[in-house]
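These are the residues of each chain, in order.
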Amino acid sequence: MAKRVVIVGIPGVGKTTVVRKVVETMKKKNIDVESVVYGTVMFEEAKKLGINHRDDIRKLPIDEQRKLQIEAAEKIAKMEKDFLIIDTHLMINTKEGYWPGLPIDVLRVLSPTNIILIEALPNEIFMRRKRDVGRFRDFVDEEEIKREIEIARSMLSATGIILGIPFLIVMNRENYIEETANQILKALGVL
Ligand code: ATP
Ligand code: AMP
Ligand code: MG
């Protein structure tokens with residue numbers, strides 16, 4: 001059966017980096033795999049609203065983000081692959097508070113078979129955000145990063161319950177990108 005794997009984790013934890021590695025390994029094994037960055041699909045439409053950077057999407061009014069969010073889910077749901085890996089977020093930090101990246105209607109449209117939360121140590125996430133100069137991530141202290149990690153865990157289990165699918169937490173240790181990718185590949189039965 002085809003797998004649709006949703007990869008989540010707080011900003012700067014390493015989702016896109018790890019997904020790249022997972023896809024590279026699968027392609028070497030001639031697996032029919034594709035990854036999609038949910039935020040890129042949203043950004044393509046957001047440009048029409050005058051948004052010039054992916055990190056400005058979360059500053060739009062919630063109703064506009066909501067429209068972009070559901071449109072992106074519908075586009076992504078049309079992608080047919082043996083393995084579709086969706087790089088996205090459980091929650092978005094907006095000025096009105098944390099906003100769910102995977103509300104129930106979006107989950108139902110995407111209909112994932114697996115959800116995987118990537119974690120890392122708070123101080124490592126802090127440094128990754130700081131080092132990554134191409135992005136405009138919110139600069140919060142380590143305490144706030146710890147809170148984000150806790151909220152992400154509770155949203156992860158809610159997602160598992162809603163859809164009745166397995167959920168997994170993997171640790172993306174500093175400079176161990178390949179090991180993190182391998183944990184995911186093992187869970188998906190590829191390694
Ligand atoms: P966002 O949610 O904002 O898109 P992300 O979770 O996709 O973030 P990445 O862009 O993949 O995060 O990674 C953030 C930064 O951390 C990048 O500079 C990346 O090279 C670095 N990084 C990712 N994983 C590791 C790791 N295991 N060790 C060291 N650096 C890492
Ligand atoms: P990323 O490159 O993963 O950080 O994605 C860029 C931006 O896209 C995020 O900061 C969010 O504003 C938006 N985004 C990504 N995934 C979702 C989602 N599931 N729901 C709402 N917004 C999202
Ligand atoms: Mg990313």
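Below, the structure is looked at part by part. Since the structure is predicted, the reported quantities are computational estimates derived from the model, not experimental observations. (Residues numbered from 1 in each chain as written. Chains lettered and ligands numbered in written order. Predicted model: local features only at pLDDT ≥ 70, side-chain atom pairs only at ≥ 80, totals over all residues. Heavy atoms only, no water.)

1. With respect to the site of ligand 1
Okay, so step 1: As a matter of local geometry, ligand 1 sits amid 20 residues, with Lys-15, Thr-17, Arg-137, Asn-172 and Asn-175 nearest to it.
Okay, so step 2: Between ligand 1 and the protein, one listed contact pairs an oxygen atom with a side-chain N or O atom of Arg-135 at 3.1 Å.
Okay, so step 3: Taking Asn-175, its main chain carries an N or O atom lying 2.8 Å from a nitrogen atom of ligand 1.
Okay, so step 4: With the chains in place, 85% of the 630 Å² that ligand 1 exposes on its own is no longer accessible.
Okay, so step 5: Taken atom by atom, the bulk of ligand 1 overlaps the largest pocket.
Okay, so step 6: Within the residue set of the shell around ligand 1, elements represented by two or more residues are α1 (15–28) and α5 (122–131). (Near = heavy atom within 4 Å. Polar contact = N/O pair within 3.5 Å; in protein donor to acceptor, adjacent residues only side chain to side chain. Areas by Shrake-Rupley, 256 points an atom, 1.4 Å probe, with all protein chains shown as cover. 1 Å grid on protein atoms, 1.4 Å probe; cavity = no way out; pocket = protein on both sides within 12 Å on 5 of 7 lines; lining within 4 Å. Sits in = over half its atoms within 2 Å of the grid points. Helix = DSSP H or I, 4+ residues; strand = E, 2+ residues; numbered from the N terminus.)

2. Topic: the site of ligand 2
Okay, so step 1: The immediate surroundings of ligand 2 are formed by 13 residues, with Arg-54, Thr-88, His-89, Gly-101 and Arg-135 found nearest.
Okay, so step 2: Take Gln-69: an N or O atom from its side chain is 3.0 Å from a nitrogen atom of ligand 2.
Okay, so step 3: The separation between an oxygen atom of ligand 2 and a polar side-chain atom of Arg-135 is 2.8 Å.
Okay, so step 4: Taken by itself ligand 2 offers 480 Å² of open surface, and the protein chains cover 96% of this.
Okay, so step 5: Mapping ligand 2 onto the cavity grids shows that it belongs to the largest pocket.
Okay, so step 6: Among the elements that line the shell around ligand 2, the one with the most residues is helix α2 (residues 38–46), at three residues.
Okay, so step 7: Taken together, the residues that form the shell around ligand 2 break down as five nonpolar, five polar and three charged. (Nonpolar A, V, L, I, M, F, W, Y, C, P; charged D, E, K, R; others polar.)

3. Structural notes on the layout of surface pockets
Okay, so step 1: The space that makes up the largest pocket amounts to roughly 950 Å³.
Okay, so step 2: Lining the largest pocket are 45 residues, and of these Pro-11, Lys-15, His-89, Arg-135 and Arg-137 lie nearest its centre.
Okay, so step 3: Among the elements of the structure, α1, α2, α3 (62–77), β4 (91–94), β5 (97–100), α5 and α6 (142–163) are those that each provide at least two residues to the lining of the largest pocket.
Okay, so step 4: A per-element tally of the lining of the largest pocket places α1 first, with five residues. (Points joined across faces, edges and corners; volume = space filled by probe spheres on them.)

4. Considerations on the packing of aromatic side chains
Okay, so step 1: Within this structure, the stated rule accounts for zero aromatic pairs.
Okay, so step 2: Across from the ring centre of Tyr-176, 4.3 Å away, lies the NZ or CZ of Arg-173, which sits over that ring. (Phe/Tyr/Trp six-rings, centres within 6.5 Å; stacked < 30°, edge-to-face > 60°. Lys NZ or Arg CZ within 6 Å of the ring centre and 35° of its normal.)

5. Section: the sheet that holds strand β6 (residues 114–119)
Okay, so step 1: Across the sheet, which stays open at both edges, the five strands sit in the order β2-β3-β1-β6-β7 with parallel pairing between neighbours. A strand with exactly one partner marks an edge of an open sheet, and here the two such strands are β2 (33–37) and β7 (167–171). Adjacent strand axes in the sheet meet at a mean angle of 20° when their direction is disregarded.
Okay, so step 2: Of the strands in this sheet, β1 (3–8), β2, β3 (83–87) and β6 are in contact with α1, which crosses β3 at around 170°. (Pairing = 2+ DSSP bridges. Axes fitted to C-alpha atoms, helices over the stretch in contact; angles between N-to-C directions. Contact = heavy atoms within 4.5 Å.)

6. Remarks on the packing of α5 against α6
Okay, so step 1: The contact between α5 and α6 brings their axes to 9 Å, and the two run at 110°. The angle between α5 and α6 places the two elements in the roughly perpendicular class. Here Pro-122, Asn-123, Ile-125, Phe-126 and Arg-129 of α5 lie close against α6, whose contacting residues are Glu-142, Ile-145, Lys-146, Glu-148 and Ile-149.
Okay, so step 2: Each residue belonging to the contact of α5 with α6 can be placed in one class, and the counts come to five nonpolar, one polar and four charged. (Parallel < 35°, antiparallel > 145°, perpendicular 65-115°, else oblique.)

Nothing here speaks to function; it is geometry throughout.
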